[in-house]
Amino acid sequence: MLLYQALVVGLVMAFGKWINAYGSFAQLMPFITYILLALLLGKDPAQALILGAAVELAFYGVMQIGAVLPQDTAVGGTLGVAFALILNQKPAVAVALAVPISMLAVVVWNLLKFWFTANVEIFDKYIDERNMSKFNRLWWIQIGVYLLAYFALAFCAILLGTNGVKAFVTSIPKPFLTGLTVAAGMLPAVGMGMLLKYVWNISFLPFFLAGFLFAAYLKLPIMAISIFGVVFGLITFFIDKQINEVKHSRSTVQKSSSGNDEEDFFND
Amino acid sequence: MTKLKLTDREKKLTKRLFWRNMFLGFDMSYTRQQGVAWDWIHAPIYRDIYKDDDQYWEAMKRNMEFFNTTPNMVGTVSGLAVSMEEENAKAPKGSFDTAGISGMKIGLMGPLAGIGDTFFSGVWALIIMGIAISFAKQGNLVVAILPLVALLPNLLIRWYGQKYGYKIGSQYISKAVEDGLMGMFTKASSIVGVTVVGGMIATLVKVPVIFKTKINGTTFELQKVLDQILPSMLPLALAVACFVLLRKNVSPVKVLIAVVLLGFALTFLGITGA
């Protein structure tokens with residue numbers, strides 16, 4: 001039973017990692033992997049979604065900017081939800097497992113990246129030797145190892161870790177679990193902070209407040225707030241465009257009017 | 001924009017390029033980032049373009065250089081680069097300056113990544129995940145078809161970026177940069193993002209206060225009082241606090257641990273609870 005479960009979680013993990021890289025598809029659909037996980041483990045997909053929602057909420061706003069991966073949410077999410085499904089646990093438990101796992105799992109990616117870096121020289125050599133088939137072979141080996149590494153990680157984690165996790169989870173005292181639930185509800189604030197840091201500009205304050213007030217007072221759903229956001233974005237876009245055009249025409253008029261005005265133009 | 005007609009050969013080429021470009025995310029190295037992946041993706045395309053063996057391997061060697069952008073945005077650079085390689089193949093040997101191809105790649109990958117990261121990671125993923133989470137919370141399986149919608153911008157930008165890059169070439173991109181169109185788009189996307197984050201803080205961040213006490217016979221419920229002042233006041237305060245700390249370059253992991261500890265502390269004090 002455990003062997004089958006480990007195998008299945010390993011495969012789902014490899015699939016998750018495949019769409020993570022292929023076309024960057026996974027960025028938008030971790031829930032697909034959770035549904036898949038539930039179906040293959042013979043559990044209720046709706047329950048997997050509830051667990052997954054709690055986990056994704058804790059990861060909300062964690063994003064991969066450039067090549068820097070702050071937390072491996074794919075590994076953390078898949079394993080956290082898998083453990084909680086297998087052991088029939090609450091969402092808070094899934095979060096408690098997913099967050100630390102996601103932090104530790106970054107090591108695997110960094111190791112892979114080191115190996116890829118070492119291989120760059122070999123790729124260079126194959127190009128010098130004009131050997132495309134060897135080039136292709138190493139390319140596919142790399143992808144194979146990448147997938148296999150994550151399969152093995154999940155496989156071993158479930159096979160060797162489930163009993164340990166079970167002992168740990170059942171020994172959690174009740175007040176601690178309540179604390180965990182509260183903490184999990186507060187965690188999205190960190191992600192929001194990160195996103196704000198990334199896009200913040202003080203002139204965006206009115207839009208930020210509008211979004212908040214729409215939800216806090218008017219109780220609008222996120223979908224509606226997103227559409228309002230698009231409206232705000234469009235308004236700004238067209239105003240900026242207008243300003244830009246005026247600037248453009250002004251500078252061309254000034255340029256063509258006379259050469260003597262050049263100094264005034266630069267003092268602008 | 002004008003309609004673009006592609007010849008059969010060009011259609012085949014762009015389709016092939018489109019699918020191969022999906023592989024850009026594999027093989028990231030510290031030294032070249034997506035450089036090796038770029039070369040693997042374009043190898044058969046270059047082979048098709050360069051009938052001359054020396055020229056083909058020269059192109060392969062040249063394109064092993066450092067490359068890094070948001071994978072979703074690669075289409076534009078890729079299409080443009082291929083059209084330039086074609087020009088190089090057509091021009092008499094040595095008359096085309098291949099440094100221009102590298103220059104274009106290096107010049108475009110930064111601004112494209114800027115837009116791509118803001119739009120895809122910052123805004124689009126945020127909105128889609130927000131909607132997905134609100135469905136998933138109720139165990140609603142509608143979530144399963146959401147990716148169909150979610151992937152559209154990714155696929156469209158890949159396809160049309162590549163097509164326009166390939167056919168119209170550098171004019172439209174340099175014009176977009178010159179007119180400041182790129183910057184304006186990034187700003188507009190950021191505004192969408194900021195608005196949604198504001199809404200998310202009120203709906204997704206939870207600080208459930210259960211503190212109650214009796215004063216002169218009337219019950220005093222802290223949460224009710226707080227809601228009268230400003231609903232979702234504590235989530236807002238918490239998110240702003242995180243933002244301020246992160247802005248002061250406190251590491252995200254430390255902030256995360258601080259929030260978890262705060263959650264436990266407030267619960268043990270009996271202020272919050274589930």
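Computed from a predicted structure; not experimentally measured.

**Re the overall build of chain A**
Okay, step 1: When helices and strands are counted, chain A shows 11 helices and 0 strands.
Okay, step 2: Starting at the N terminus and ending at the C terminus, chain A contains elements arranged as α-α-α-α-α-α-α-α-α-α-α.
Okay, step 3: A buried classification covers 51% of the 268 residues belonging to chain A.
Okay, step 4: Put simply, of all contacts in chain A between residues at least 6 apart along the chain, 70% involve residues at least 24 apart.
Okay, step 5: For chain A, the computed accessible surface area is about 12,500 Å², with 68% contributed by carbon and sulfur atoms.

**Some words on the pairing of strand E2 (residues 218–221) of chain B**
Okay, step 1: When strand E1 (residues 212–215) of chain B meets E2 of chain B, the two strands line up antiparallel, connected through 4 bridges. In the strand pairing of E2 of chain B, Ile215 of chain B is matched with Thr218 of chain B.

**As for the interface of chain A and chain B**
Okay, step 1: Across the contact, 97 residues belong to chain A and 106 residues belong to chain B.
Okay, step 2: Here chain A and chain B share an interface that buries about 9,200 Å² over both sides, 78% of which is from carbon and sulfur atoms.
Okay, step 3: Linking chain A to chain B there are 4 salt bridges.
Okay, step 4: A salt bridge links Arg32 of chain B to Asp124 of chain A; the nearest nitrogen and oxygen atoms lie 2.7 Å apart.
Okay, step 5: Where chain A meets chain B, there are 11 residue pairs in polar contact (both at pLDDT 80 or more).
Okay, step 6: Counted by class, the side of chain A that touches chain B contains 66 nonpolar, 22 polar and 9 charged residues.

**Observations concerning the pattern of salt bridges**
Residue and element names in this part refer to chain B.
Okay, step 1: Overall, the coordinates contain 13 salt bridges over all chains when judged by the stated rule.
Okay, step 2: Glu85 is the salt-bridge partner of Arg62, the closest N and O atoms lying 3.1 Å from each other. Separated by 23 residues along the polypeptide, Arg62 in helix H3 (residues 53–62) and Glu85 in helix H4 (residues 74–90) bring together distant segments of the chain.
Okay, step 3: Residue classification places Arg62 among the buried positions, given a relative accessible area of 13%.
Okay, step 4: A salt bridge links Lys224 to Glu221; the nearest nitrogen and oxygen atoms lie 3.8 Å apart.
Okay, step 5: Classification of Lys224 by relative accessible area gives exposed; the value is 53%.
Okay, step 6: Salt bridges here are not isolated pairs; linked through shared partners, they connect Arg9, Asp48 and Glu86.

**Considering unusual backbone geometry**
Residue and element names in this part refer to chain B.
Okay, step 1: The phi torsion at Gln33 lies on the positive side, around 50°, for a residue other than glycine.
Okay, step 2: Its location among the elements puts Gln33 in the loop between helix H1 (8–20) and helix H2 (35–49).
Okay, step 3: For Gln33, a relative accessible area of 12% puts it in the buried group.
Okay, step 4: The backbone phi angle of Asn249 is positive, close to 65°, even though this residue is not glycine.
Okay, step 5: Tracing the chain through its elements places Asn249 in the loop between helix H11 (233–247) and helix H12 (252–268).

**Some words on the packing of helix H8 (residues 188–199) of chain A against helix H9 (residues 181–204) of chain B**
Okay, step 1: H9 of chain B packs onto H8 of chain A with a crossing angle of 165° between their chain directions and a minimal axis gap of 10 Å. Taken together, H8 of chain A and H9 of chain B sit at an angle that is classed as roughly antiparallel. For the pair H8 of chain A and H9 of chain B, the crossing hand works out as left-handed. In this structure, H8 of chain A uses Pro188, Met192, Leu195, Leu196 and Val199 of chain A to contact H9 of chain B, whose residues at the interface are Ser190, Val194, Val197, Met200, Ile201 and Leu204 of chain B.
Okay, step 2: Looking at the contact of H8 of chain A with H9 of chain B residue by residue, the class counts come to 10 nonpolar, 1 polar and no charged.

**Some thoughts on the packing of helix H4 (residues 73–86) of chain A against helix H6 (residues 132–170) of chain A**
How two helices pack is summed up by the angle between their axes together with the distance between the axes.
Residue and element names in this part refer to chain A.
Okay, step 1: Running from amino to carboxyl end, H4 crosses H6 at an angle of 35°, the nearest separation of the two axes being 11 Å. In this structure, the crossing between H4 and H6 has a hand that is right-handed. Taken together, the residues of H6 that come into contact with H4 (itself represented by Val75, Leu79, Ala82, Phe83 and Ile86) are Tyr150, Leu153, Ala154, Ala157, Ile158, Gly161, Thr162 and Val165.
Okay, step 2: By residue class, the composition of the contact of H4 with H6 is 11 nonpolar, 2 polar and no charged.

**Some words on helix H3 (residues 45–59) of chain A**
Residues and elements named next belong to chain A.
Okay, step 1: With 15 residues, H3 extends 20 Å from end C-alpha to end C-alpha; this agrees with the ideal 21 Å at 1.5 Å per step.
Okay, step 2: Taking burial as the measure, the 15 residues of H3 include 13 buried ones, the bulk of the element.
Okay, step 3: Sitting at the head of H3, Asp44 places a side-chain oxygen 3.2 Å from the backbone nitrogen of Ala46.

Rules and cut-offs
- Residues numbered from 1 in each chain as written.
- Chains lettered and ligands numbered in written order.
- Predicted model: local features only at pLDDT ≥ 70, side-chain atom pairs only at ≥ 80, totals over all residues.
- Heavy atoms only, no water.
- Helix = DSSP H or I, 4+ residues; strand = E, 2+ residues; numbered from the N terminus.
- Buried < 20%, exposed > 50% of the residue type's maximum accessible area, 1.4 Å probe, protein only.
- Contact = heavy atoms within 4.5 Å.
- Areas by Shrake-Rupley, 256 points an atom, 1.4 Å probe, with all protein chains shown as cover.
- Pairing = 2+ DSSP bridges.
- Buried area = accessible area lost by both parts, 1.4 Å probe.
- Salt bridge = Lys/Arg side-chain N within 4 Å of Asp/Glu carboxyl O.
- Polar contact = N/O pair within 3.5 Å; in protein donor to acceptor, adjacent residues only side chain to side chain.
- Nonpolar A, V, L, I, M, F, W, Y, C, P; charged D, E, K, R; others polar.
- Axes fitted to C-alpha atoms, helices over the stretch in contact; angles between N-to-C directions.
- Parallel < 35°, antiparallel > 145°, perpendicular 65-115°, else oblique.
- Left-handed = near helix turned anticlockwise from the far one by under 90°.
- Expected span 1.5 Å × (residues − 1).

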